[in-house]
Every structure is written in structure tokens, then in C-alpha cells.
Amino acid sequence: MTTGFFITLEGGEGAGKSTQIKLLEERLSAHNIEVVRTREPGGVPSAEDIRNLLVNGETDKWLPLTETLLHFAARHEHIARLVEPALIEGKWVLCDRFADSTTAYQGYAQSMDMKTISTLYELAVGNLKPDLTIILDLPVEVGLERAEERDVGGTRYERMGIEFHQTLRDGFLQIAEDNPGRCSVIDATQSIDAISVQIFALVEERFLSSVTPSKGQTV
Ligand code: TMP
């Protein structure tokens, strides 16, 4: 059975993931590909409720394990209720953040044990892995400034301090180095158009040649 592709966008605060994911959705839709655009934490009502617990309030509100469990609880709802069914129907799922964010934020930046993270992944997600992960990379100061412009006062994570965000950036780059077959890093200081062209080129190279006409797609 053919399923759709699962593509995730990752990066620190203010990297432009949401803009890029919308542009990718437009480009794929223009190729008659059925796309589901979603995000984590969230994507379905139950997971959006958990998101509110995570992104609001004091920075030290959760212990690292509780915080990690909450992200995986939200992820389990999202995967089981939206992502897996969509992939089975042959739709492409574009997800704004996924489990690499847990590795970077909770693992690298909040010192949560990596083994616990992979055990929880198996439990909450199972075997599913993204087919492609695009990591938008940019200097921490630039990203935080952009995020502050968008969201005055900042979310709980945006208020976690510059050192936290630097560790996070290094964490994402390490994830890319550890997973060269799945991850591609793009310089997010470039223009919106330049980034969008690079993302689409990656997607085209990897997947569009393998889309069969039986899926009703013209490529
Ligand atoms: P967003 O605002 O980029 O959509 O993401 C919400 C915040 O949640 C963002 O600051 C990163 C954080 N986050 C984690 O800490 N761990 C995770 O596993 C995910 C998916 C997001």
C-alpha cells in the first residue's frame, strides 16, 4: 500500500517555519497533491489543549520529565487521530515541529535524558518517522528578535534566555549531523523566496519523481 509522505519543519524561535510550511503547501497543492498542514504541540483539539499548558506561564512551571511527558501525550493524540490516518489515505503531512523539537528543547536544552526520550517516542509514536526534516537555522539573536516582534512578551519558551536558545540551536545542528539521510539544514537568514525555493527543490528531488499517476497527481 502506498502512503503519503511525512515532512517536518524544525528550528529555533523566529526561524520562519510557519511561513515556509504554508508556501510548501501552496506549491504541492499546485501539483495536485493532497496536503494536510499541521503543527506540534497541537494539530488536534486534545493536543491543542495540552499545547496551552506548555506554551503559557512561568518558565519553570514544569519539571523536565513532566514537560517531556506532556509533549509526548500531545504527540500521541496528534499522530493517532490525524497524522497516521492522513498518511494512510495517501495525503502528504507537513508538520510544523515534531519529535526533533523534543530532542532539542527537552533533551539538549533542558537536559532530559535522551534514552527516556527515545523510550517515550516508541511508546507514543511507534515506528513512524518523518521522510524528510528541514531544519531552518539562524543566529539566536535574530530569531528571538523576530519572535518578539510577532509575539510581544513571548511564549514560555521564548522567555527561556539566550543560553537556552544557543544550546537549542547547537542541538538542532547535532540532530542534522546525526541523521544526514533524513535532515537538511537551510540558512534561514536568506529571503523568504530563496528559502522556499530551496525547500521545494529538496522535496522535488526526493519525492516528486516517485509520485505515481495512479495517485491522481500530475507532476
Ligand atoms: P511553536 O510556537 O514554534 O509552534 O512551538 C511551540 C513551542 O513548543 C516552541 O517554543 C517549541 C516548544 N516545543 C518543545 O519544547 N518541545 C516539543 O517537542 C515541541 C513540538 C515544541
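What counts, and at which threshold
Residues numbered from 1 in each chain as written. Predicted model: local features only at pLDDT ≥ 70, side-chain atom pairs only at ≥ 80, totals over all residues. Heavy atoms only, no water. Core = buried A, V, L, I, M, F, W, Y, C linked by side-chain atoms within 4.5 Å. Buried < 20%, exposed > 50% of the residue type's maximum accessible area, 1.4 Å probe, protein only. Helix = DSSP H or I, 4+ residues; strand = E, 2+ residues; numbered from the N terminus. Contact = heavy atoms within 4.5 Å. Near = heavy atom within 4 Å. Polar contact = N/O pair within 3.5 Å; in protein donor to acceptor, adjacent residues only side chain to side chain. Areas by Shrake-Rupley, 256 points an atom, 1.4 Å probe, with all protein chains shown as cover. 1 Å grid on protein atoms, 1.4 Å probe; cavity = no way out; pocket = protein on both sides within 12 Å on 5 of 7 lines; lining within 4 Å. Sits in = over half its atoms within 2 Å of the grid points. Nonpolar A, V, L, I, M, F, W, Y, C, P; charged D, E, K, R; others polar. pLDDT = per-residue confidence, 0-100. Expected span 1.5 Å × (residues − 1). Arc of directions from axis to C-beta.

Q: How do you make sense of the nonpolar core when you look at a structure like this?
A: Core analysis: the biggest nonpolar cluster contains 24 residues, and Ile-7, Leu-28, Trp-92, Ile-134, Leu-136, Ile-199 and Val-203 have the highest contact counts within it. Those elements that provide at least two residues to this core are strand S1 (6-11), helix H1 (17-30), strand S3 (92-96), strand S4 (132-137) and helix H8 (192-206). Ranked by residue count, the leading element in this core is H8, at five residues. With near-sequence residues (within four places) excluded, Ile-134 lies in contact with Ile-7, Thr-8, Leu-9, Glu-10, Ser-184, Ile-186, Ile-199 and Leu-202. In this structure, Ala-74, Tyr-105, Ile-135 and Cys-183 belong to the second largest nonpolar core, which totals 19 residues.

Q: What is the right way to read the environment of Ile-79 from this model?
A: Counting through the fold element by element, Ile-79 comes out in helix H3 (residues 64-88). Residue class for Ile-79 comes out buried when judged on its relative accessible area of 2%. A sequence separation of 46 residues divides Ile-79 from Val-125, and the C-alpha atoms of the two residues are 6.8 Å apart. Ignoring any residue separated from it by four or fewer positions in sequence, one finds Ile-79 in contact with Glu-84, Pro-85, Phe-98, Val-125 and Leu-128.

Q: Honestly, the site of the ligand in this entry has me stumped. Any pointers?
A: Lining the immediate surroundings of the ligand are 14 residues, of which Glu-13, Arg-97, Thr-102, Gln-106 and Tyr-157 lie closest. Within the side chain of Lys-17, a nitrogen or oxygen atom sits 3.2 Å from an oxygen atom of the ligand. Interatomic distance of 2.8 Å between a side-chain N/O atom of Gln-106 and a nitrogen atom of the ligand. Isolated, the ligand exposes 470 Å² of accessible area, and the fraction of that covered by the protein chains is 94%. Placement of the ligand is best described as lying within the largest pocket. Of all elements in the fold, only helix H2 (45-55), H3 and helix H4 (99-109) reach the threshold of two or more residues within the shell around the ligand. Classifying every residue of the shell around the ligand gives four nonpolar, four polar and six charged.

Q: When you look at the confidence of the model for the chain in this model, what are you seeing that I'm missing?
A: As a note on interpretation, predicted positions should not be read in detail where pLDDT is low. When pLDDT is averaged along the chain, the result is 93, and 95% of the positions lie at 70 or above. Low confidence marks residues 212-219, where pLDDT is under 50. Its contacts with residues over four positions away, or in another chain, come to 17 contacts.

Q: Got a minute to help me understand the side chain of Ser-196 in this structure?
A: Note that Ser-196 resides in helix H8. One polar contact links Ser-196 to Arg-27, side chain to side chain, over a distance of 3.2 Å. Beyond its immediate stretch of four places on either side in the chain, Ser-196 contacts Gln-20, Leu-23 and Arg-27.

Q: What's the story with helix H7 (residues 162-178) in this structure? I'm lost.
A: Because the α-helix completes a turn every 3.6 residues, residues three or four places apart line up on one side. With 17 residues, H7 should cover 24 Å at 1.5 Å per step; its first-to-last C-alpha distance of 24 Å lies within 8% of that length. Along H7, the positions that sit buried rather than exposed are Phe-164, His-165, Leu-168, Gly-171, Phe-172, Ile-175 and Ala-176. Relative to the axis of H7, the buried residues are bounded by an arc of 135° and lie together on one face. The exposed set on the far side of H7, more than 90 degrees from its buried face, consists of Glu-163 and Glu-177. Where H7 is buried, its residues meet S1, H4, S4, helix H6 (140-150) and strand S5 (183-187).

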